[in-house]
Amino acid sequence: MEKILVFLADSQRSFVNFIRVGIFIVMAWIGGLKAFQYEADGIVPFVINSPFMSFFYNNTGKTAVNDKGETVAEYTLHKNPEGKMVAKNIEWHKQNGTYWFSYGLGTVICLIGLLVLLGIWSPKIGIIGGLLTFGMSIVTLSFLITTPEVYVPNLGGDMPTPNFGFPYLSGAGRLVLKDIIMSAGGLIAASDAAQRLLKNRTV
């Protein structure tokens, strides 16, 4: 048991670097997927409902009438399920600016991941990457407040729906909630880089 405790204690720096590598993998993978149609379509509910990002889209705030005669947000009528291609929906997304925004966002996410990874060798760059990761995670977590799709909807059925709305997270909501871990990882990476930078200045 003592050897395990010593190993864990002595490996803290390696584990912090593991956090950096993990953040890079997540950022590079998710950021890279932003270049693909299905992923770009999928982030529309988050972006179009966000007070921090909705201005990037051309169709923010627009409404339309659905097949039930209800007035709803226009974007809800143009969702492409993952793996399905619907031409009229894709045209709507092109007009909305969905794809160009997704390309830009993906590039930013990949760059942040790279900055975090470079923190293994450069504490100055590592501080920037860690803080940007924290900031990006806070914006993502705000979707829990602004995006209706993060909670289970009441779609009805043969029986009453007992679990819908807050706090019943949908699949999208569960993915968003995990960014709490990313925010903590970003701060740990930035803190470690700051410690190294201060130590180098006193040497």
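Below or above, wherever it landed, is the structure these notes cover. (Residues numbered from 1 in each chain as written. Predicted model: local features only at pLDDT ≥ 70, side-chain atom pairs only at ≥ 80, totals over all residues. Heavy atoms only, no water.)

1. Concerning the side chain of Thr140
The cut-off we apply is this: Helix numbering and strand numbering both begin at the N terminus, where a helix is a DSSP run of H or I of at least 4 residues and a strand a DSSP run of E of at least 2. Think of it in three bands: residues with accessible area under 20% of the maximum for their type are buried, residues over 50% are exposed, and the middle band is partly exposed, with areas taken using a 1.4 Å probe on protein chains only. By definition, residues are in contact when any of their heavy atoms lie within 4.5 Å.
Mapped onto the elements of the fold, Thr140 is located in helix α7 (residues 123–141). Under the relative-accessibility criterion, Thr140 is labelled buried at 16%. Residue contacts for Thr140: discarding those within four places in its chain leaves Val176 and Asp179.

2. Some remarks on the pattern of salt bridges
Quick reminder of the rule: Just to be clear on terms, a salt bridge is a Lys or Arg side-chain nitrogen sitting within 4 Å of an Asp or Glu carboxyl oxygen.
One pass over the full model with this rule turns up six salt bridges. Arg13 is paired through a salt bridge with Asp192; the nearest N and O atoms lie 3.1 Å apart. In this pair, Arg13 sits in helix α2 (residues 12–33) while Asp192 sits in helix α10 (residues 179–202), placing the two residues 179 residues apart along the sequence. Overall, the relative accessible area of 7% leaves Asp192 in the buried class. Between Glu91 and Lys94 there is a salt bridge, and its shortest N-O distance comes to 3.5 Å.

3. Side note on the layout of surface pockets
Put simply, the test is: Here a cavity means grid points, on a 1 Å grid over the protein atoms only, where a 1.4 Å probe fits yet cannot get out; a pocket means an open set of points with protein on both sides within 12 Å along at least five of seven lines; lining residues are those with an atom within 4 Å of a point. Grid points are joined across faces, edges and corners, and a volume is the space filled by probe spheres set on the points. Only Asp, Glu, Lys and Arg are considered charged in this grouping, and only Ala, Val, Leu, Ile, Met, Phe, Trp, Tyr, Cys and Pro are considered nonpolar; every other residue, Gly among them, is considered polar.
Looking at the largest pocket, its volume works out to about 1,300 Å³. Among the secondary structure elements, those contributing two or more residues to the lining of the largest pocket are α2, α3 (37–42), α4 (44–48), α6 (98–118), α7, α9 (171–177) and α10. Per-element accounting of the lining of the largest pocket gives the leading share, six residues, to α6. In terms of residue class, the lining of the largest pocket is built from 26 nonpolar, eight polar and eight charged. Approximately 270 Å³ is the volume attributed to the second largest pocket. Lining the second largest pocket we find Asn66, Asp67, Lys68, Glu70, Thr76, Leu77 and Leu155. Partitioned by chemical class, the residues of the lining of the second largest pocket number two nonpolar, two polar and three charged.

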